[in-house]
Amino acid sequence: MMKKISIWLLCLALVASLAACSSSEDTETTASETEEATEATAETEETAGEETSGETEVSEYNAADYVTLGAYTGFEVDKVITEVTEDDVEEEIEIEMDENATETDVEEAEDSDYLDIDYQVLVEGESVDIENYGETIEGGSEEGRAIMLGFAELGAELDEALLGAAAGDTLSVDVTLDADSFGEDLDGVEATIEVTVNRVYRYVTPDLTDEYVQEYTDYDTVEEYRTAVQESLEVSTEESNLYEAGELALSLAVAEAVFSGYPEDLYESIYEEYDELYTYYAEMFGMERTDLISDEDLAATAENEVYTLLVIQVIAETEGLELTDEDYQEYIDENLDDYGVESEEELYEYYEEDDLRAEALREKICEYILNNSTLVEISQEEYDAKYYGEEEEGEDVEEESLEEYDEE
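Not measured: the values here are computed from a predicted model.

## What about the overall build of the protein?
Here is step 1: Scanning the protein for helices and strands turns up 15 helices and twelve strands.
Here is step 2: Looking at the 408 residues of the protein, the share that counts as buried comes to 40%.
Here is step 3: Of the contacts formed within the protein by residues at least 6 apart in sequence, a portion of 76% connects residues at least 24 apart.
Here is step 4: Of the roughly 22300 Å² that the protein leaves accessible, carbon and sulfur atoms contribute 41%.

Below, the structure written as structure tokens:
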């Protein structure tokens, strides 16, 4: 479990991070890596070569010109207390073991097996372009496409026909095309999919033994490994809960502030970033951006982020909370895993230093507010009911929300 990073910063790195996922080399992958690679491939093809020169330039501004602070300390801030259970430990171990699964060729395809196929979609004997979950496939044809049976990536009818298939088999399958796999224009159209099976394989997860632990971890026994996983989950869960409490505290400070406006170019820049993020995910699933978030809600989300950034800056100036180089380096060292990178050099491939410094300052301000407020420990169920309206049976629920953080 990793602590959250504000969605605005993630927006800024979206294009760069997705473009970096592409690779022209064939590599051996694990089961979980294959799933990630499938998602990354679609993401990369959507974003490769995009230009960012059209982004709004943000001029210099004085945040204090737009904000009159109200109370920003002395709050009662709810903080979730999470118990790490044995099931949580076992789930984490299973995830790590899946990462060490090995590819094994099999003779006949079963549900959840992987197939490497060449295929061609024909309508009345003619090739057609298809839209496969937002990706255009010209001529409805691909070679070396990896699919997992049961996911209906090219329709449930094709998955069913491929059960029992073996490497070298060729099939001609009559299907009714659906919108998700082939695009709205072909929804309900009768077609034929011609398929050649190049390979059938699955991922085999090793057994959890002392030998496995010694080979893949820094521990000697299964018992030591379980204990270490338990302790790691407890630490990461506490960090995540503190982060969420800090964001809640910051939102309370924003709610107390009075605003006379905001820099329009800052708003436009943040709006564009959110718009790009939601548009990307919408297109990924063959949807319109407004299917995920309305224009009104998008504008409100961007406006709230602008107000939050202004409050952060004014609190920092008021309290003399300068982000030193030492503070910044400590932030980077502690958060590499949360950004999904292994080194500082790799981090700068995706993120601009100014944006990282802004996020480090945000965390420092959240910590300051928390240190000068009172933490109220509550369960996850109580927190969800209070802030997200998830009503528990037999209980009255206070109808409050933190819509600005729902998106994270």
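## Quick look at a negative patch on the surface
Here is step 1: Together, Glu83, Glu86, Asp87, Asp88, Glu91, Glu94, Asp98 and Glu99 line one region of the surface with negative charge.
Here is step 2: Note on placement: Glu83 falls in the loop between β2 (76–80) and α3 (86–99).
Here is step 3: Assessed through its relative accessible area of 64%, Glu83 is described here as exposed.

## Examining the confidence of the model for the protein
Here is step 1: When the pLDDT values of the protein are averaged, the result is 84; 81% of them are 70 or greater.
Here is step 2: In the predicted structure, residues 12–54 sits below a pLDDT of 50 and forms 46 contacts with residues beyond four places in sequence or in another chain.

## What about the side chain of Lys79?
Here is step 1: Locating Lys79 in the fold gives a position in strand β2.
Here is step 2: Residues within four places of Lys79 in sequence aside, it is in contact with Glu238, Asn241, Leu242, Ala245, Leu375, Val376, Glu377 and Ile378.

## Re a nonpolar patch on the surface
Here is step 1: Where nonpolar side chains cluster on the molecular surface, the patch consists of Tyr133, Tyr281, Phe285, Met287 and Leu292 and spans about 430 Å² of accessible area.
Here is step 2: Among the structural elements, Tyr281 can be located in helix α8 (residues 264–284).
Here is step 3: On the basis of relative accessibility, which here comes to 33%, the residue Tyr281 falls in the partly exposed class.

## Regarding the pairing of strand β10 (residues 190–204)
Here is step 1: The pairing of strand β3 (residues 102–105) with β10 spans four bridges and is antiparallel. Within the sheet, the bridge partner assigned to Glu103 lies in β10 and is Tyr203.
Here is step 2: Relative to β10, strand β4 (residues 114–123) runs antiparallel, the two sharing nine bridges. By the bridge assignment for β10, Tyr114 is matched with Tyr201.
Here is step 3: Sheet topology places strand β9 (residues 170–176) next to β10; seven bridges connect them, and they run antiparallel. Bridging from a neighbouring strand, Ser172 pairs with Glu194 of β10.

## With respect to the nonpolar core
Here is step 1: In terms of nonpolar packing, the biggest core is built from 52 residues, with Leu347, Ile365 and Ile369 touching the most fellow members.
Here is step 2: If you list the elements that add at least two residues to this core, you get β2, α7 (222–256), α8, α10 (295–319), α11 (325–335), α12 (344–350), α13 (353–371) and α14 (380–388).
Here is step 3: Contact partners of Ile365, with chain neighbours within four places excluded, come to Ile312, Ile315, Ala316 and Leu321.
Here is step 4: Counting 26 residues, the second largest nonpolar core, distinct from the first, contains Leu115, Ile130, Ile137 and Val200.

## A look at the packing of α7 against α10
Here is step 1: At a closest axis distance of 10 Å, the pairing of α7 and α10 adopts a crossing angle of 90 degrees. Of the possible angle classes, the one that applies to α7 and α10 is roughly perpendicular. Judged by residue contacts, Leu250, Ala253 and Val254 of α7 engage Tyr307, Thr308, Val311, Ile312 and Ile315 from α10.
Here is step 2: Each residue belonging to the contact of α7 with α10 can be placed in one class, and the counts come to seven nonpolar, one polar and no charged.

## Examining the packing of aromatic side chains
Here is step 1: Following the criterion strictly, the structure yields 14 aromatic pairs and no others.
Here is step 2: Seen in terms of ring centroids, Phe259 and Tyr307 are 4.0 Å apart; in terms of plane orientation they differ by 25 degrees. Their pairing is stacked. You can see Phe259 sitting in strand β11 (residues 258–259) and its partner Tyr307 sitting in helix α10, a full 48 residues away along the chain.
Here is step 3: Assessed through its relative accessible area of 22%, Phe259 is described here as partly exposed.
Here is step 4: When its relative accessible area of 18% is taken as the criterion, Tyr307 is described as buried.
Here is step 5: Ring centres of Tyr262 and Tyr307 lie 5.7 Å apart, and the angle between their planes is 65 degrees; on these two criteria the pair is classed as edge-to-face. In this pair, Tyr262 sits in the loop between β11 and α8 while Tyr307 sits in helix α10, placing the two residues 45 residues apart along the sequence.

Rules of the game
- Per-chain numbering applies: the sequence of each chain, read as written, is numbered from 1 onward.
- Side-chain atom pairs in this predicted model are given and counted only at pLDDT of 80 or more, local residue features only at pLDDT of at least 70, and totals for whole chains, interfaces and linings cover all residues.
- Just so you know, side-chain values use all the structure's heavy atoms and leave hydrogens and water out.
- Helix and strand definitions here come from DSSP, where helices need a minimum of 4 consecutive H or I residues and strands a minimum of 2 consecutive E residues; each element is numbered from the N-terminal end.
- Three exposure classes are used, based on accessible area relative to the maximum for each residue type with a 1.4 Å probe and protein chains only: buried under 20%, partly exposed in between, and exposed over 50%.
- Any pair of residues with heavy atoms lying within 4.5 Å of one another is described as a contacting pair.
- Exposure was quantified through the Shrake-Rupley algorithm and a 1.4 Å probe, taking into account, for residues, occlusion by the shown protein chains and nothing else.
- Only residues whose relative accessible area exceeds 30% and that form no salt bridge enter a patch; like-charged residues are grouped when within 9 Å of one another, and nonpolar side chains (Val, Leu, Ile, Met, Phe, Trp, Tyr) when within 5 Å.
- Note on definitions: salt bridges are taken to be side-chain nitrogens of Lys or Arg within 4 Å of carboxyl oxygens of Asp or Glu.
- Positive charge is attributed to Lys and Arg, negative charge to Asp and Glu, and no charge count is given to His or to the chain ends.
- Here the site of a charge means atom NZ of a Lys, CZ of an Arg, CG of an Asp or CD of a Glu.
- Each residue carries a pLDDT value, the predictor's own confidence for that position, ranging from 0 to 100.
- For two strands to be treated as a pair, DSSP must find no fewer than two bridges joining them.
- Side-chain atoms within 4.5 Å are what join buried Ala, Val, Leu, Ile, Met, Phe, Trp, Tyr and Cys residues into a set we call a nonpolar core.
- Axes here mean lines fitted to C-alpha atoms, for a helix over just the part in contact, with angles spanning 0 to 180 degrees between N-to-C directions.
- Each angle gets one of four labels, with under 35 degrees taken as roughly parallel, over 145 as roughly antiparallel, 65 to 115 as roughly perpendicular, and the rest as oblique.
- Nonpolar residues are Ala, Val, Leu, Ile, Met, Phe, Trp, Tyr, Cys and Pro. Charged residues are Asp, Glu, Lys and Arg, and all others, Gly as well, are polar.
- In this scheme Phe, Tyr and Trp rings, the latter by its six-membered ring, pair at centre separations within 6.5 Å, and the angle between planes marks the pair as stacked below 30 degrees, edge-to-face above 60, and tilted otherwise.

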